[in-house]
Amino acid sequence: MKTKTRRALSAGRSARSPLGFATRSIHAGQEPDPTTGAVMQPIYQTSTYRQPALGSGWPYDYARTINPTRSALERNLAALEGGLEARCFASGMSAIRAVLDLLRSGDHVVVSQNVYGGTYRLFEGLLRSFGLDFSWVDTSSPGAVLAAIRPTTRMLFVETPTNPVLGITDLRAAARIARARGLTLVVDNTFLSPYFQRPIELGAHVVVHSTTKYLNGHSDSVGGCVVTTRKRDAERIAWLQNAVGAVLSPVDSFLVLRGIKTLALRMERHQESALRIASWLKRHPRVRKVHYPGLRSHPQHALARRQMSGFGGMISFDVGSFAAARKFLGRLRLCALAESLGGVETLISHPASMTHGSVPPAERRRIGVTDGLVRISVGIEDPKDLLADLEQGLAALGKTRR
Ligand SMILES: *Cc1c(COP(=O)(O)O)cnc(C)c1O
């Protein structure tokens with residue numbers, strides 16, 4: 001590979017890179033190992049480095065601060081999201097925590113009302129006691145966002161699509177508001193991955209991920225990352241990564257790097273199967289409501305088409321009641337009853353009693369998490385096998401339409 005191309009791959013702002021996404025996902029930030037030519041980034045399983053001489057300026061000092069396996073993943077993620085820098089953390093939650101640590105006591109944050117449950121727990125259960133204040137609003141309404149902004153507001157934190165009903169926030173509109181009011185726009189891009197949505201290209205300042213989900217994609221690692229676009233944020237996140245120390249391990253960094261190499265292929269298959277399953281569920285007499293941004297019936301289908309390059313692999317649908325959901329889930333053989341998402345295997349869950357169990361019932365109803373709602377993370381198995389499993393599960397609910 002020519003040096004110029006290599007440099008483009010390492011720096012890798014996607015908007016400027018001449019290379020396609022799949023090419024960048026395999027090569028960006030990764031050089032063949034200088035000692036052996038190994039094409040895969042080695043796992044540097046070391047806590048420290050022998051320095052050549054005192055004051056030599058050797059870049060490797062201690063592995064909390066810098067690790068070559070982690071650095072390769074960080075360069076790769078920065079290139080895929082089109083950011084300036086990425087930093088990897090021990091979990092999605094520690095990545096989100098690092099972003100909130102950009103703020104100081106007294107600051108106010110406007111947050112999507114329907115974010116990941118752990119984000120709600122962190123903000124309300126911990127960060128509020130350190131003097132941060134939060135307003136939970138429907139960020140799909142620009143008017144609601146504007147109305148929530150105060151003189152102390154510093155950040156707009158958006159998750160789109162939301163879990164589990166897949167509501168969508170217009171990121172260009174959110175970015176316009178953030179710029180006009182001097183706020184930092186942060187987007188949790190876990191549900192779509194940079195393959196289907198690149199918030200930075202739409203005006204976001206910071207992107208966060210739980211790499212546990214689609215980026216790693218094989219349900220065998222927990223991790224997170226923060227991608228920044230501004231020098232001062234990049235420096236502060238790097239400082240926080242070292243100061244707090246919740247870093248991604250070398251082995252996990254390797255696993256995520258390997259997972260990302262097939263991200264484009266996996267996302268295509270997740271989406272193809274999800275679209276097929278969502279359309280099938282929509283026609284099924286035992287299913288009341290299907291939430292999937294790829295269906296024309298989704299209230300924000302047009303917006304989804306504009307800002308996303310695909311609809312992802314997450315579907316939720318209503319089977320009518322808690323009893324029906326339990327019966328249906330109890331019958332499934334292939335789809336695994338489990339939390340989490342984004343892996344190669346199909347996972348199915350009951351948000352009202354699992355991921356959203358700690359949300360009060362009235363609040364659950366308000367955000368659309370009904371007792372009969374079931375969520376699927378569609379895996380990359382043969383879709384006909386998934387459909388057969390879902391069909392025999394729904395058959396347990398009897399013939400009559402609910
Ligand atoms: C899973 C998830 C997180 C938290 O990530 P962990 O890796 O589990 O700590 C944050 N945001 C979203 C949207 C998630 O799905």
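All values reported here derive from a predicted model rather than from experimental measurement. (Residues numbered from 1 in each chain as written. Predicted model: local features only at pLDDT ≥ 70, side-chain atom pairs only at ≥ 80, totals over all residues. Heavy atoms only, no water.)

Asks: Which parts of the structure should I look at to understand the overall build of the protein?
Replies: Of the regular secondary structure elements, the protein holds 15 helices and 12 strands. Computed over the C-alpha atoms, the radius of gyration of the protein is 22 Å, within 12% of the 21 Å expected from 2.2 N^0.38 for a compact globule of 402 residues. Expressed along its principal axes, the backbone C-alpha trace of the protein runs to roughly 80 × 50 × 35 Å. Split into buried and exposed, the 402 residues of the protein put 55% on the buried side. Taking contacts inside the protein between residues at least 6 apart in sequence as the whole, the part at least 24 apart equals 72%. In the structure as shown, the protein presents an accessible area of about 17500 Å², 53% of it carried by carbon and sulfur atoms. Positive and negative side-chain charges of the protein, numbering 53 and 31 respectively, have mean locations separated by a distance of 4 Å. (Helix = DSSP H or I, 4+ residues; strand = E, 2+ residues; numbered from the N terminus. Rg over C-alpha atoms; globule rule 2.2 N^0.38 Å. Buried < 20%, exposed > 50% of the residue type's maximum accessible area, 1.4 Å probe, protein only. Contact = heavy atoms within 4.5 Å. Areas by Shrake-Rupley, 256 points an atom, 1.4 Å probe, with all protein chains shown as cover. Lys, Arg positive; Asp, Glu negative; His and termini not counted. Charge placed at Lys NZ, Arg CZ, Asp CG, Glu CD.)

Asks: Looking at this model, I keep getting lost on the packing of helix α3 (residues 68–81) against helix α10 (residues 250–261). Mind explaining?
Replies: Helix packing for two helices is described by the angle between their axes and how far apart those axes are. The contact between α3 and α10 brings their axes to 8 Å, and the two run at 35°. You can see that α3 and α10 cross each other, and the crossing is left-handed. Between α3 and α10, the residues in contact are T69, R70, A72, L73, N76, L77 and L80 and P250, S253, F254, V256, L257 and I260, respectively. Class assignment for the residues of the contact of α3 with α10 results in 9 nonpolar, 3 polar and 1 charged. (Axes fitted to C-alpha atoms, helices over the stretch in contact; angles between N-to-C directions. Left-handed = near helix turned anticlockwise from the far one by under 90°. Nonpolar A, V, L, I, M, F, W, Y, C, P; charged D, E, K, R; others polar.)

Asks: Looking at this model, I keep getting lost on the sheet that holds strand β2 (residues 108–112). Mind explaining?
Replies: In sheet architecture, strand pairing relies on hydrogen bonds along the backbone and comes in two forms, parallel and antiparallel. Pairing in this open sheet of 7 strands is mixed, and the strands run β1-β7-β6-β5-β4-β2-β3 from one edge to the other. A strand with exactly one partner marks an edge of an open sheet, and here the two such strands are β1 (85–89) and β3 (133–137). The sheet shows a mean angle of 20° between the axes of neighbouring strands, taken without regard to direction. One ladder, built from 5 bridges, connects strand β6 (residues 206–210) with strand β7 (residues 224–228); its direction is antiparallel. (Pairing = 2+ DSSP bridges.)

Asks: I would appreciate a short explanation of the domain arrangement of the protein in the present structure.
Replies: How big an interface is tends to be stated in terms of the accessible area lost upon association of its parts. Taken domain by domain, the protein comprises domain 1 (3–260) and domain 2 (264–397). Each of domain 1 and domain 2 has a C-alpha centre, and the two are 27 Å apart. Taken together, the 33 residues of domain 1 in the interface contact 39 residues of domain 2. Across the interface of domain 1 and domain 2, roughly 3000 Å² is buried in total on both sides, 57% from carbon and sulfur atoms. At the junction of domain 1 and domain 2, the tally comes to 0 salt bridges. If you look at where domain 1 meets domain 2, you find 16 residue pairs in polar contact (both at pLDDT 80 or more). Elements with a minimum of two residues in the side of domain 1 that touches domain 2: α7 (171–181), α8 (193–196) and α10. (Domains from an automatic or database assignment. Buried area = accessible area lost by both parts, 1.4 Å probe. Salt bridge = Lys/Arg side-chain N within 4 Å of Asp/Glu carboxyl O. Polar contact = N/O pair within 3.5 Å; in protein donor to acceptor, adjacent residues only side chain to side chain.)

Asks: Quick question: what am I supposed to make of the confidence of the model for the protein here?
Replies: When pLDDT is low, close inspection of the predicted coordinates is not appropriate. Scored by pLDDT, the protein has a mean of 94; 95% of the residues are at 70 or more. Segment residues 1–14: pLDDT under 50, and 30 contacts once partners within four positions in sequence are set aside and those in other chains are kept. (pLDDT = per-residue confidence, 0-100.)

Asks: Sorry if this is basic, but what is going on with the pairing of strand β12 (residues 373–377) here?
Replies: Counting buried residues in β12 gives 5 out of 5 residues, a clear majority hidden from the surface. Sheet analysis places strand β9 (residues 314–318) next to β12, joined by 5 bridges and oriented antiparallel. Its bridge partner being in β12, F317 is matched across the sheet by V374. As defined by bridge partners, strand β11 (residues 347–349) adjoins β12 across 3 bridges and the pair is classed as antiparallel. Of the residues in β12, the one forming a bridge with I348 is I376.

Asks: I would appreciate a short explanation of the site of the ligand in the present structure.
Replies: In the vicinity of the ligand, 15 residues are found, and the nearest of them are G92, D188, S210, T212 and K213. One of the backbone N or O atoms of G92 is found 2.9 Å from an oxygen atom in the ligand. A distance of 2.7 Å separates an oxygen atom of the ligand from a polar atom in the side chain of K213. A total of 380 Å² of accessible area belongs to the ligand in isolation, and the protein chains cover 93% of it. Among the residues making up the shell around the ligand, the classes are represented as 6 nonpolar, 6 polar and 3 charged. (Near = heavy atom within 4 Å.)

Asks: When you look at the pairing of β9 in this model, what are you seeing that I'm missing?
Replies: On any regular strand, side chains alternate: one points to one face of the sheet, the next to the other face. Counting buried positions along β9 yields 5 of 5 residues, so the element is predominantly enclosed. Covered by surrounding structure in β9 are M314, S316 and D318 together with I315 and F317, the residues of both alternating faces.

Asks: Please clarify how unusual backbone geometry should be interpreted in this entry.
Replies: Note on backbone geometry: most residues besides glycine have negative phi, and most peptide bonds are trans. Cis geometry marks the peptide bond from T160 to P161, where omega comes out at -5°. Relative to the helices and strands, P161 resides in the loop between β4 (153–159) and α7. Note the cis peptide between N163 and P164, where omega equals 0°. In this fold, P164 is placed in the loop between β4 and α7. At L166, a residue that is not glycine, the phi angle is positive and equals roughly 60°. With respect to the secondary-structure elements, L166 resides in the loop between β4 and α7. Overall, L166 belongs to the buried group, its relative accessible area being 3%.

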